[in-house]
Amino acid sequence: MRRSIYWLTLVSAFCSIVYELLLAQTMGALLGNTFLRYNVTIGIYLAALGAGSLLCKRESPAASMTTLVRIEWLLALLGSAGPLLLFAWDAAVVKATPALGLSAGGGFHLTLVHAFDHAVIVAIGLLSGFELPLLMRLGGDDRSERVLAVDYFGTLLGAVAFPLLLLPATGLIGTAAVTGLLNAGCALFVLWKAAPRRRADWLAPVAAAALAAALTLANRPIERAVSFALSAPVGR
């Protein structure tokens, strides 16, 4: 397992920065002022990463592996569906506000959208904050500096790949799905290394991988539906 720590760290750091950029880009598409969305998202996400690190308790290697598996499949679920959740929530609020006698795009609508969007950012940031402490512990004290260095390098790869490769090739929904698939792969790999005795331990990681794979395959129709919904007049 210790020999695989560097690859796991590289992939987890890659996924983490991609989620951060994805959420900022999605909020920019929904709310405008992309510059502000990126700055606020980065600040909140980094704070959530720190909070996640603080919440990560010191455990035995076996328990740390179990926790890491749980974190990875949760990230796969929430991360792959993140942009879609933001779009769906915005659409739901747009439809609900007229029923309450309020206008779409008004203060109540924006408050609900901001609250939900930032809650998703915090949730993914908290989960991602668990990853590095767990990986450093599993790697051992003698490898902690190298694990940290690989984490930074993975962040660089993700920051470059998102605008130049992932987003142009697969769009917001597809990028989120592919990234979630990477997290699910990490969960399955760590679980395989842990050699669980119960088949039930595989259910959640496999389900997360299946969701991410389904979103990856269906990303084009979903992207078209989202684009149509965004282009429709909503009275903002």
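Quick notes on the rules
- For every chain, the first residue of its written sequence is number 1, and the numbers climb from 1 along that sequence.
- A pLDDT threshold of at least 70 governs which residues receive local features in this predicted model, and a stricter bar of 80 or more applies before side-chain atom pairs are shown or counted, although totals over entire chains, interfaces and linings include all residues.
- Note: side-chain values were computed over all heavy atoms of the structure, leaving out hydrogens and water.
- To qualify as a helix, a DSSP run of H or I must reach at least 4 residues; to qualify as a strand, a run of E must reach at least 2; elements of each kind are numbered from the N terminus.
- Here the globule rule reads 2.2 Å times residues to the power 0.38, and the radius of gyration is calculated from C-alpha atoms.
- A simple rule labels every residue: compare its accessible area, found with a 1.4 Å probe on the protein chains alone, to the largest value its type can have, and call it buried under 20%, exposed over 50%, or partly exposed in between.
- What makes two residues a contact is simply this: any of their non-hydrogen atoms within 4.5 Å.
- Under the convention used here, a 1.4 Å probe and the Shrake-Rupley method define accessible areas, while residue burial counts only the protein chains that appear.
- Side-chain rings of Phe, Tyr and Trp, where Trp is taken by its six-membered ring, are said to pair if the distance between their centres is within 6.5 Å; with planes under 30 degrees apart they count as stacked, over 60 as edge-to-face, and otherwise as tilted.
- To form a nonpolar core, buried Ala, Val, Leu, Ile, Met, Phe, Trp, Tyr and Cys residues must be joined to one another through side-chain atoms within 4.5 Å.

Student: Break down the overall build of the protein for me, citing the residues and quoting the values.
Tutor: Counting its regular elements, the protein contains seven helices and zero strands. Its C-alpha radius of gyration of 18 Å places the protein within 12% of the 18 Å reference for a compact globule of 236 residues. For the protein, the spread of C-alpha atoms along the three principal axes comes to 60 × 35 × 35 Å. By residue count, 44% of the 236 residues in the protein fall in the buried class. Taking the intrachain contacts of the protein between residues at least 6 apart in sequence as the baseline, contacts between residues at least 24 apart amount to 82%. Total accessible area on the protein stands at roughly 11600 Å², and carbon and sulfur atoms take up 70% of it.

Student: Describe the packing of aromatic side chains, and please don't skip the residues or the numbers.
Tutor: With the rule as written, the count across this model stands at two aromatic pairs. Each ring, one from Trp-89 and one from Phe-116, has its centre 4.9 Å from the other, and the planes form 25 degrees; the classification is stacked. With Trp-89 in helix H3 (residues 61–99) and Phe-116 in helix H4 (residues 107–139), this pair connects stretches of sequence that are 27 residues apart. You can call Phe-116 partly exposed: its relative accessible area is 25%. Ring plane angle 50 degrees and centroid distance 5.9 Å describe the contact between Phe-189 and Trp-192, whose orientation is recorded as tilted. Residue Phe-189 and its partner Trp-192 are both found in helix H5 (residues 144–194); the two are separated by three residues, about one turn of the helix. Looking at Trp-192, the relative accessible area reads 55%, which means it is exposed.

Student: Lay out the nonpolar core with the relevant residues and their values.
Tutor: Formed by 48 residues in total, the largest nonpolar core has its most connected members in Val-18, Leu-22 and Ile-124. Within the residue set of this core, elements represented by two or more residues are helix H1 (5–31), H3, H4, H5 and helix H7 (219–231). In terms of residue count, H1 provides more of this core than any other element does, 13 residues in total. Ignoring sequence-local partners within four residues, the contact set of Ile-124 consists of Tyr-19, Leu-23, Tyr-45, Leu-75, Leu-78 and Gly-79.

Student: Please provide a residue-by-residue account of the environment of Leu-49, values included.
Tutor: Of note, Leu-49 is situated in helix H2 (residues 34–55). Placed 119 residues apart in sequence, Leu-49 and Pro-168 show a C-alpha to C-alpha distance of 27 Å. The residues contacting Leu-49, other than those within four sequence positions of it, are Ser-16, Gly-125, Ser-128 and Gly-129.

Interpretation in functional terms is not warranted from these geometric data alone.
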